[in-house]
Amino acid sequence: MLCVGDSITLGTGAGNRTLNAYPAVLQNLLGDDYEVINYGRGGSLGSDSSAYGYESTWNYSLSLRQAPDIVILAFGANDAQNGYNKVPLDYFKQEMLETIRTYQNLPSKPIVYMTTVTNIVDGWNQDWLTELRAIQRDTIQTAGIGLIDAYNLSLTWDDDSSIYSDTCHFND
């Protein structure tokens, strides 16, 4: 299983990424029958129309050399930051569809899932996040892939500041 994404996948904010990034937690939950590989890259975007696009990273190149059965794509937080990416959200769907197809067309023909952006608190443009989540859901439906609804899963954490190391990254 490949976990591909931004700093949330990488485990930014966790005191020990090796043990507490979500791919490591998945590995522990799934056990030795699975190998979960973390290809998270902090600051990267699902939209590759900027200098921060994931497709221009070494992580992306390495991930395409694998033969996964499952790929989880987790992008969007950086794409939704007004002023950070300088890329309109309209590009997100088009470019994520290309990324999805690239992984679907690997020789191993993996099952691909995509997450929605979590419930990011304080200081973020909530209108952009809402728009991005709608685009993510539309992208998932258009591509016919699985949805991991990280947003709804994280709604109950809104008032628990112990979950977050900052406004969007999880701690241990």
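Figured I'd write up the structure that's included with this text.

Conventions we followed
- Residues numbered from 1 in each chain as written.
- Predicted model: local features only at pLDDT ≥ 70, side-chain atom pairs only at ≥ 80, totals over all residues.
- Heavy atoms only, no water.
- Helix = DSSP H or I, 4+ residues; strand = E, 2+ residues; numbered from the N terminus.
- Contact = heavy atoms within 4.5 Å.
- Areas by Shrake-Rupley, 256 points an atom, 1.4 Å probe, with all protein chains shown as cover.
- Patch = residues over 30% accessible without salt bridge, like charges linked within 9 Å, V, L, I, M, F, W, Y side chains within 5 Å.
- Salt bridge = Lys/Arg side-chain N within 4 Å of Asp/Glu carboxyl O.
- Buried < 20%, exposed > 50% of the residue type's maximum accessible area, 1.4 Å probe, protein only.
- Axes fitted to C-alpha atoms, helices over the stretch in contact; angles between N-to-C directions.
- Parallel < 35°, antiparallel > 145°, perpendicular 65-115°, else oblique.
- Left-handed = near helix turned anticlockwise from the far one by under 90°.
- Nonpolar A, V, L, I, M, F, W, Y, C, P; charged D, E, K, R; others polar.
- 1 Å grid on protein atoms, 1.4 Å probe; cavity = no way out; pocket = protein on both sides within 12 Å on 5 of 7 lines; lining within 4 Å.
- Points joined across faces, edges and corners; volume = space filled by probe spheres on them.

1. Re the overall build of the protein
Argument step 1. Along the backbone of the protein there are 7 helices and 5 strands.
Argument step 2. Going from N to C terminus, the protein has its helices and strands arranged as β-α-α-α-β-α-β-α-β-α-β-α.
Argument step 3. Taking all contacts inside the protein whose residues are at least 6 apart in sequence as the whole, residues at least 24 apart take part in 70%.
Argument step 4. Carbon and sulfur atoms make up 49% of the accessible area of the protein, which amounts to about 8500 Å² in all.

2. A short note on a nonpolar patch on the surface
Argument step 1. On the surface, V25, L29, L30 and Y34 cluster together into a nonpolar patch covering about 360 Å² of accessible area.
Argument step 2. Here V25 is to be found in helix 3 (residues 22–30).
Argument step 3. V25 gets classed as partly exposed once you look at its relative accessible area, which sits at 37%.

3. Focus on the packing of helix 5 (residues 90–104) against helix 6 (residues 126–143)
Argument step 1. Remark: helix 5 packs on helix 6, axes separated minimally by 10 Å, with the N-to-C direction vectors making an angle of 40°. Comparing their axes, helix 6 and helix 5 come out oblique. The interaxial crossing formed by helix 5 with helix 6 has right-handed handedness. Where helix 5 approaches helix 6, its residues F92, K93, M96, L97, I100 and Q104 are matched on the opposing element by L132, I135, Q136, D138, T139, T142 and A143.
Argument step 2. Taken together, the residues of the contact of helix 5 with helix 6 break down into 7 nonpolar, 4 polar and 2 charged.

4. Re the layout of surface pockets
Argument step 1. For the second largest pocket, the calculated volume is near 170 Å³.
Argument step 2. Surrounding the second largest pocket, M1, L2, D33, Y34, E35, I37, Q66, A67, P68, D69 and I70 form its lining.
Argument step 3. Counted by class, the lining of the second largest pocket contains 7 nonpolar, 1 polar and 3 charged residues.

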